[in-house]
Amino acid sequence: MNALPSLAVAAETEPVIRLDAIERSFGQVKALRGISLGLRPGRALALVGESGCGKTTCARIIARMDQPTSGKLTFRGRDATAAGTAGEERAYRRAVQMVFQDPFASLNPVFTVHHHLARPLALHGHAKGKAALAGGVAELLAGVGLDPEVTAHKFPHELSGGQRQRVNIARALAVQPDVLVADEPTSMLDVSIRLGILELLARIKREKNLALLYITHDIATAAHVAEEIIVMFAGQMVEWGATTAVIADPRHPYTQLLLSAVPDPDRPFVPGDSARFLKHAEEVRRISRPASAEVEQVAQDHFVRALGAAS
Amino acid sequence: MNKPLLQVRDLCVDYLTDKGAFRAVKNVSFDIGRGELFGLAGESGCGKSTIAYAITRLAKAPAWVAGGEILLDGQDLLRLNEASLQKVRWRRIGMVFQSAMNSLNPLMRVEAQFHDVLHRHNGASRERSRARAEAMFRLVGIPGSRLGDYPHQFSGGMRQRIVIAICLALEPELIIMDEPTTALDVVVQREILEQVIDLQRNLGFSVLFITHDLHLMAQLCHRIGVMLKGELVEVGDVRQVSRAPLHEYTRKLWGAIPQLPARAREALA
């Protein structure tokens, strides 16, 4: 049985959403193998791994854009693996909102920022009437660090990538969700504005007591937002626990590889090293791929999966 | 020092808008030596990609080179006619862009795409193209047996390596890489860039490396230029720009990058 991430740190708070042994197969391909996690109010969990490791599939299942092949999804203590009544589905979707990677593609170019934010406010009954809507929109924009006077009547093309991503976050917040799933929210933005978006996510998580699932391939940014981290490879959780513990003392070879590849200006590339690094990376991927049910507890809040036998 | 391979002198590039000309590149000058890895850093919209397009003369309306010189071995690229330009592009200056992996033709086998380039620029026969393609695949660490595959059969990182291989097949003197690994994850990024470093050492080409990631640039480049709103605000040796930046903006840019906690970085060193 997998230990559920964050058991040690926040066992006292019940997760809003809980996954137990989630599997998802696409034909022969096992995209997710035994994912178990809990999203708790006021806490951020980072899901880290390379393209194709299954992290987005996991987000899609949580956002109910996809169904697991097996396993259990629990929402506020109720089994929500299968679609419920229309009312239950609406409640679920209201509670779980997403922010996507591409800030340019996720806003409708023919509508103003005001429209993007007023619609969810009206649809979900959080504001009624022109004045209330304008007030709600202004509050949302101020909450994500944008000047309502300047921004509300602009069109998406008049905003920078960072500003658009802030509008996307404001739109997700308009619904007043309990869970925010952010799938690579900064990877299409300049390095220099990533920190601002990460700090914004951390702040709204704190202020609104949101459960945040932060998905990224950049373990350095994960360390900035999330108290807990899950490192995924080939559909499996290979190492997880408190972010500080995992990053300071990585045990799984894939986590070690990921950390060693984070750009560090103090460690210039050494000419003549590429063959060694390529071979090493390939070897790590090879040994990390086989399924394994054996999990070792490294510390109170730090778990690592043992390497599986090659099939 | 030998005469630089590329000299950019007082380059100005305008974008023509409804409200008149907007100067995106303002009197930019820098040199790239033979075998040198030169980096241009800056945020979106600072003009760094516009410079790349100007050097390859790919700047299209509404962009317009308003002034300056771009000298390759002393020859001004801005004055070349279309025919002479074709002899420079790809053959002397190669280009790898951020979305380069999507610039492979999805309907053609990779081998045919090598042949396309080699035949067009060097008049190579199918046999010679095949041999060259095999050698290039070996260089970038992909088995030659996969030459007959289509682009979609490769991962994103492999596709980007294939574009680099095609680019290197003509042995250019200068390769312009504009955010070549931004769309890839960190492990694949490091695999590709370590290969570029080794290939550079073995083949001796020069590189203009463009990215917004100063940390990555400092791992790769010999010299770095920092752009702000169309101006080159600082140019210097990598050690000076990273340890003792002179310009306020360079310092800000360094401070704004998310990095691992110091304790974790020490553990890795």
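Sequence positions are assigned chain by chain, starting from 1 and proceeding in written order. To read the labels, note that chains go from A and ligands from 1, taken in the order they are written. In keeping with the model being predicted, local features are shown solely for residues with a pLDDT of at least 70 and side-chain atom pairs are shown and tallied solely at 80 or more, while totals for entire chains, interfaces and linings include all residues. Note: side-chain values were computed over all heavy atoms of the structure, leaving out hydrogens and water.

S.K.: Outline the side chain of B:Ser206, listing residues and values.
M.R.: Residues and elements named next belong to chain B. Numbering of helices and strands runs from the N terminus; a helix is a DSSP stretch of H or I covering at least four residues, while a strand is a stretch of E covering at least two. One can find Ser206 in strand β8 (residues 206-211). Given a relative accessible area of 1%, Ser206 falls into the buried group. Identification of polar contacts relies on pairs of N or O atoms within 3.5 Å, with a donor-acceptor requirement for protein atoms, meaning one able to donate a hydrogen and the other able to accept it, and with residues adjacent in sequence counted only if both atoms are side-chain atoms. For Ser206, the side chain forms a polar contact with the main-chain nitrogen of Gly35, separated by 3.0 Å. Only protein chains enter the calculation, and the probe is 1.4 Å; a residue is then buried if its accessible area is under 20% of its type maximum, exposed if over 50%, and partly exposed in between.

S.K.: Outline helix α5 (residues 130-143) of chain A, supporting the account with residue identities and numerical values.
M.R.: Residue and element names in this part refer to chain A. Here a helix's expected span is defined as the number of its residues, less one, multiplied by 1.5 Å. Counted at 1.5 Å a residue, the expected span for α5 with its 14 residues is 20 Å, and the 20 Å between its end C-alpha atoms agrees. Tucked into the core, α5 has its buried residues touching α4 (113-123), α6 (148-151) and α7 (161-174). In the segment just after α5, Gly145 is the residue with positive phi, at about 80°. Here, residues are in contact when the closest pair of their heavy atoms is within 4.5 Å.

S.K.: Could you give an account of the interface of chain A and chain B, naming the residues involved and the relevant values?
M.R.: With 42 residues of chain A at the interface, the matching set in chain B holds 39 residues. Take the accessible area each of two parts loses on contact, using a 1.4 Å probe, and add the two losses: that sum is the buried area. A buried area of about 3800 Å², summed over both sides, lies between chain A and chain B, and 62% of it is on carbon and sulfur atoms. The working definition used for a salt bridge is a side-chain nitrogen of Lys or Arg within 4 Å of a carboxyl oxygen of Asp or Glu. There are one salt bridge connecting chain A and chain B. Salt-bridge contacts for A:Arg285 lead to B:Glu191; the nearest nitrogen and oxygen are separated by 3.1 Å. Linking chain A with chain B are 10 residue pairs in polar contact (both at pLDDT 80 or more), by the criterion used here. Contributions of two or more residues to the side of chain A that touches chain B are made by α8 (191-208), α9 (219-225), α10 (243-248), α11 (253-260) and α12 (274-288) of chain A. Per element, the largest residue contribution to the side of chain A that touches chain B is seven residues, and it comes from α12(A). Only Asp, Glu, Lys and Arg are considered charged, only Ala, Val, Leu, Ile, Met, Phe, Trp, Tyr, Cys and Pro nonpolar, and every remaining residue, Gly among them, polar. In terms of residue class, the side of chain A that touches chain B is built from 24 nonpolar, nine polar and nine charged.

S.K.: Please provide a residue-by-residue account of the packing of helix α4 (residues 126-139) of chain B against helix α5 (residues 156-169) of chain B, values included.
M.R.: Residues and elements named next belong to chain B. Between α4 and α5, the least distance of the axes is 9 Å, while the angle of their chain directions is 125°. The angle between the axes of α4 and α5 places the two elements in the oblique class. The handedness of the crossing between α4 and α5 comes out as right-handed. From α4, Arg132, Met136 and Phe137 reach across to α5, where they touch Ile162, Ala165, Leu168 and Ala169. Interaxial angles span 0 to 180 degrees and are taken between N-to-C directions of axes, which are lines fitted to C-alpha atoms, for helices over the stretch in contact. Comment on the angle field: the value is read as roughly parallel under 35 degrees, roughly antiparallel over 145, roughly perpendicular from 65 to 115, and oblique elsewhere. For any helix crossing, the convention is left-handed if the near helix is rotated counterclockwise from the far helix by under a right angle, and right-handed if that rotation is clockwise.

S.K.: Let's hear about the state of the cysteines: which residues, and what values?
M.R.: Disulfide assignment relies on a single distance test, namely cysteine sulfur atoms paired within 2.5 Å. Counting across every chain of the model gives zero disulfides over all chains. Looking at the unpaired B:Cys46, the closest cysteine sulfur is the one in B:Cys221, lying at 14 Å.

S.K.: Can you lay out empty space enclosed by the protein for me, pointing to particular residues and giving the numbers?
M.R.: A cavity, in this analysis, means grid points on a 1 Å lattice covering only the protein atoms where a 1.4 Å probe fits yet has no way out; a pocket is instead an open set bounded by protein on both sides within 12 Å along at least five of seven lines, and a residue lines either one if it has an atom within 4 Å of a point. Grid points are joined across faces, edges and corners, and a volume is the space filled by probe spheres set on the points. A full pass over the atoms with the stated rule returns four cavities of 30 Å³ or more. Within the residue set of the lining of the largest cavity, elements represented by two or more residues are α8, β8 (211-216) and α9 of chain A together with α6 (186-203) and α7 (214-220) of chain B. Across the lining of the largest cavity, the residue classes tally to 10 nonpolar, 11 polar and six charged.

S.K.: Run through the packing of helix α3 (residues 110-122) of chain B against α4(B), naming residues and quoting values.
M.R.: All names here are of chain B. Two elements in contact, α3 and α4, have axes separated by 9 Å at closest approach and are oriented at 115°. Taken together, the axes of α3 and α4 are roughly perpendicular relative to one another. Crossing hand, α3 versus α4: right-handed. Residue-level inspection shows Val110, Glu111, Phe114, His115 and Leu118 of α3 in contact with α4, the latter providing Arg126, Ser129, Arg130, Arg132, Ala133, Met136 and Phe137. When the residues that make up the contact of α3 with α4 are grouped by side-chain class, the tally is six nonpolar, two polar and four charged.

S.K.: Let's hear about the side chain of A:Glu239: which residues, and what values?
M.R.: Residues and elements named next belong to chain A. If you trace the backbone, Glu239 turns up in strand β10 (residues 236-242). In summary, the charge assignment counts Lys and Arg as positive and Asp and Glu as negative, without counting His or the chain termini. One buried charged side chain, Glu239, makes no salt bridge at all; its nearest oppositely charged neighbour is Arg251, positioned 6.1 Å away. Side-chain polar atoms of Glu239 contact the backbone nitrogen of His252, separated by 2.8 Å. Not counting chain neighbours up to four residues away, the residues in contact with Glu239 comprise Ile229, Ile230, Val231, Val246, Asp249, Pro250, Arg251, His252, Thr255, His302, Phe303 and Val304.

S.K.: Talk me through the layout of surface pockets; I want residue IDs and the actual numbers.
M.R.: Here the largest pocket defines a volume of roughly 1100 Å³. Lining the largest pocket are 44 residues; nearest its centre among them are A:Met188, A:Asp190, B:Ser44, B:Gln98 and B:His212. Looking at the lining of the largest pocket, the elements that each hand over two or more residues are α2 (55-62) and α7 of chain A together with β2 (20-32) and α1 (48-55) of chain B. No other element matches β2(B), which puts four residues into the lining of the largest pocket. Residue composition of the lining of the largest pocket, grouped by class: 13 nonpolar, 19 polar and 12 charged.

S.K.: Describe the packing of aromatic side chains, listing the residues and the values that go with them.
M.R.: Residues and elements named next belong to chain B. Aromatic pairing here means that ring centres of Phe, Tyr or Trp (its six-membered ring) are within 6.5 Å. Orientation follows from the plane angle: under 30 degrees is stacked, over 60 is edge-to-face, and everything else is tilted. Scanning the entire structure with this criterion turns up seven aromatic pairs over all chains. Measuring from centroid to centroid gives 5.0 Å for Phe30 and Phe38, while their planes differ by 10°, and the two rings are stacked. On the basis of relative accessible area, Phe30 is assigned to the buried category, the value being 4%. Residue class for Phe38 comes out buried when judged on its relative accessible area of 0%. A ring pair is formed by Phe137 and Phe154, whose centres lie 6.4 Å apart and whose planes are at 85°; its orientation type is edge-to-face. In this pair, Phe137 is assigned in helix α4 and Phe154 in the loop between α4 and α5, connecting sequence segments 17 residues apart.

S.K.: Any chance you could break down helix α9 (residues 248-255) of chain B for me, citing the residues and the numbers?
M.R.: The complete set of buried residues in α9(B) reads B:Tyr249, B:Thr250, B:Leu253 and B:Trp254. Buried residues along α9(B) cover an arc of 140° about the axis, so they all sit on one side. Exposed residues lying more than 90 degrees from the buried face of α9(B) are B:Lys252 and B:Gly255. Considering only its buried residues, α9(B) is in contact with α8 of chain A together with α7, β9 (223-228), β10 (231-237) and α8 (238-243) of chain B. As used here, the arc belongs to the directions running from the helix axis to the C-beta atoms.

S.K.: Lay out the sheet that holds strand β4 (residues 63-72) of chain B in plain terms, naming residues and giving numbers.
M.R.: Residue and element names in this part refer to chain B. Reading across from one edge, β2-β1-β4-β5 is the order of the four strands in this open sheet, with antiparallel pairing throughout. Both outer strands of the open sheet, β2 and β5 (75-76), are each paired with one neighbouring strand and no more. Being paired, for any two strands, means DSSP has found at least two bridges between them. Relative to β4, strand β1 (residues 6-17) is paired through eight bridges, and the arrangement is antiparallel. The partner of Tyr15 across the bridge, within β4, is Ala63. This element, α1, spans β1, β2 and β4 of the sheet and lies at about 110° to β1.

S.K.: Can you explain the pairing of strand β3 (residues 44-48) of chain A? Please cite residues and give values.
M.R.: All names here are of chain A. Counting buried positions along β3 yields five of five residues, so the element is predominantly enclosed. On β3, burial covers both faces: Ala44, Ala46 and Val48 on one face and Leu45 and Leu47 on the other are all buried. In the sheet, β3 pairs with β8 via five bridges, with the strands oriented parallel. Of the residues in β8, the one forming a bridge with Leu47 is Ile215.

Honestly, it's all geometry; don't read function into it.
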